[in-house]
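Tertiary structure, described
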Amino acid sequence: MNLLIMGPPGAGKGTQAEGMVKELDITHISTGDMFRAAIASGSEMGKKAKEYMDKGALVPDEVVIGMVKERLQHDDCKGGFLLDGFPRTVEQAAALDETLKSLSMKLNAVVNVDVPLDKLMARLTGRRVCRGCGASYHVIFNAPAKDGVCNSCSGELYQRDDDNEQSVGTRLKAYMEKTQPLIDYYKAQGVFRPINGDQDINKVLEEIMLAVK
Ligand code: AP5
Ligand code: MG
Ligand code: ZN
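In short, a report on the structure.

Definitions and cut-offs
Residues numbered from 1 in each chain as written. Chains lettered and ligands numbered in written order. Predicted model: local features only at pLDDT ≥ 70, side-chain atom pairs only at ≥ 80, totals over all residues. Heavy atoms only, no water. Pairing = 2+ DSSP bridges. Helix = DSSP H or I, 4+ residues; strand = E, 2+ residues; numbered from the N terminus. Axes fitted to C-alpha atoms, helices over the stretch in contact; angles between N-to-C directions. Donors = N, O, S within 2.8 Å, 3.2 Å for Na, K, Ca; no water. Tetrahedral: all angles 85-135°; square planar, octahedral: opposite > 155°, others 65-115°. Buried < 20%, exposed > 50% of the residue type's maximum accessible area, 1.4 Å probe, protein only. Near = heavy atom within 4 Å. Polar contact = N/O pair within 3.5 Å; in protein donor to acceptor, adjacent residues only side chain to side chain. Nonpolar A, V, L, I, M, F, W, Y, C, P; charged D, E, K, R; others polar. Salt bridge = Lys/Arg side-chain N within 4 Å of Asp/Glu carboxyl O. Parallel < 35°, antiparallel > 145°, perpendicular 65-115°, else oblique. Contact = heavy atoms within 4.5 Å.

Focus: the sheet that holds strand β4 (residues 109–114)
- If you walk across this open sheet you meet the 5 strands as β2-β3-β1-β4-β8, and the pairing is parallel. The open sheet terminates on both sides in strands that have one partner only, identified here as β2 (27–30) and β8 (192–196). Neighbour-to-neighbour, the strand axes of the sheet open up by a mean angle of 20°, direction not taken into account.
- Note that β4 and β8 share 5 bridges and pair parallel.

Written out as structure tokens, the structure reads:
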């Protein structure tokens, strides 16, 4: 099954992706995680991406599109994948359609996690991420068993550089201007699945699994 998960920053894309790829045994492709890995490796691409990411701005389309095109050709995508955080612009969505066509693949469903925008700031400023496995926690809404330590891999939890009020403001604006138009784009393709993301994390996953099966 080839899926896409979208929604505003902090909607719970990464959190739900963790559960979805376990249940469906498919490959998780998060462009944000790929950029953070590039930054950690010290690569030129990572350095360039960091300038945009820290401010909360989108990385230019040509960089992202090339990276995803290459990633989709790896063997682990043949059994199904879940794209998280891509596409984020209509140009990226058109490039994805073209790439999938050339690989004889298609999207089975687009999961849209909906959360009222006024709830996102608290979710993001309280988020903590595992350095080891990338799992997302929240100091109040989804606290780890032991402070600062990941439940599944015992990795160290850290706060993302773009999880501050100023960057979150810019990310929300970028979402509304550039990414929200994709809702109509995927509705027109008949694959759009709206999900209420403003409920308990496990309830959201249940709703998603029902919608994609
Ligand atoms: P990316 O890493 O994709 O960030 P984002 O879209 O801003 O989304 P987040 O990862 O912040 O949120 P999420 O929806 O995954 O939420 P999570 O599950 O962690 O991108 C980062 C940057 O990279 C971009 O700003 C851009 O610069 C660049 N980039 C990436 N892709 C790009 C592209 N395609 N084009 C151009 N640039 C690109 O949850 C958030 C918090 O809420 C956590 O603390 C979690 O525990 C909590 N939570 C989750 N679910 C619930 C719930 N149901 N109830 C209560 N709390 C919850
Ligand atoms: Mg994420
Ligand atoms: Zn971990």
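After that view of the structure, there is still more to cover.
Section: the coordination of the zinc ion (ligand 3)
- Distances from the zinc ion (ligand 3) to its protein donors, C130 (SG), C133 (SG), C150 (SG) and C153 (SG), fall at 2.3 to 2.4 Å.
- Given 4 donor atoms and angles of 92 to 118° at the metal, the environment of the zinc ion (ligand 3) is assigned as tetrahedral.
- For the zinc ion (ligand 3), all donor residues lie on one chain, and their spacing in sequence is C-x2-C-x16-C-x2-C.
- Residue C130 is classed as buried on the basis of its relative accessible area of 3%.
- Judged by relative accessible area, C133 falls into the partly exposed class, the value being 44%.

Let's talk about the site of ligand 1
- Near ligand 1 there are 35 residues, and of these T15, A57, R88, R127 and R171 occur at the shortest range.
- In this structure, an oxygen atom belonging to ligand 1 sits 2.8 Å away from a side-chain N or O atom of S136.
- If you list the elements that add at least two residues to the shell around ligand 1, you get α1 (13–24), α2 (31–41), α6 (120–125) and β6 (136–138).
- Here the shell around ligand 1 gets 4 residues from one element, more than from any other, and that element is α2.
- For the shell around ligand 1, the residue count by class is 14 nonpolar, 13 polar and 8 charged.

So, the pattern of salt bridges
- Counted by the stated rule, this structure contains 14 salt bridges.
- One salt bridge in this structure joins K50 and D161, with 2.9 Å as the shortest N-O distance. Remark: D161 occurs in the loop between β7 (157–158) and α7 (165–179) and K50 occurs in helix α3 (residues 44–55); sequence separation between them is 111 residues.
- You can call D161 exposed: its relative accessible area is 52%.
- Connected through shared salt-bridge partners, R127, R160, D162, D163 and R171 make up one network.

Things to note about the environment of S154
- Position of S154 among the secondary structure elements: in the loop between β6 and β7.
- Residues S154 and K50, spaced 104 residues apart in sequence, show a C-alpha to C-alpha distance of 27 Å.

As for unusual backbone geometry
- P87 follows F86 through a cis peptide bond whose omega is 0°.
- Along the chain, P87 falls in the loop between β3 (81–84) and α5 (90–102).
- Here D25, not a glycine, exhibits a phi torsion of approximately 55°, which is positive.
- Its location among the elements puts D25 in the loop between α1 and β2.

Thoughts on the packing of α2 against helix α4 (residues 61–71)
- Running from N to C, α2 and α4 point in directions that differ by 100°, and their axes come no closer than 11 Å. Relative to α4, the element α2 is oriented roughly perpendicular. Contacts between α2 and α4 involve T31, M34 and F35 on the former and, on the latter, V63, V64, M67, V68 and R71.
- Looking at the contact of α2 with α4 residue by residue, the class counts come to 6 nonpolar, 1 polar and 1 charged.

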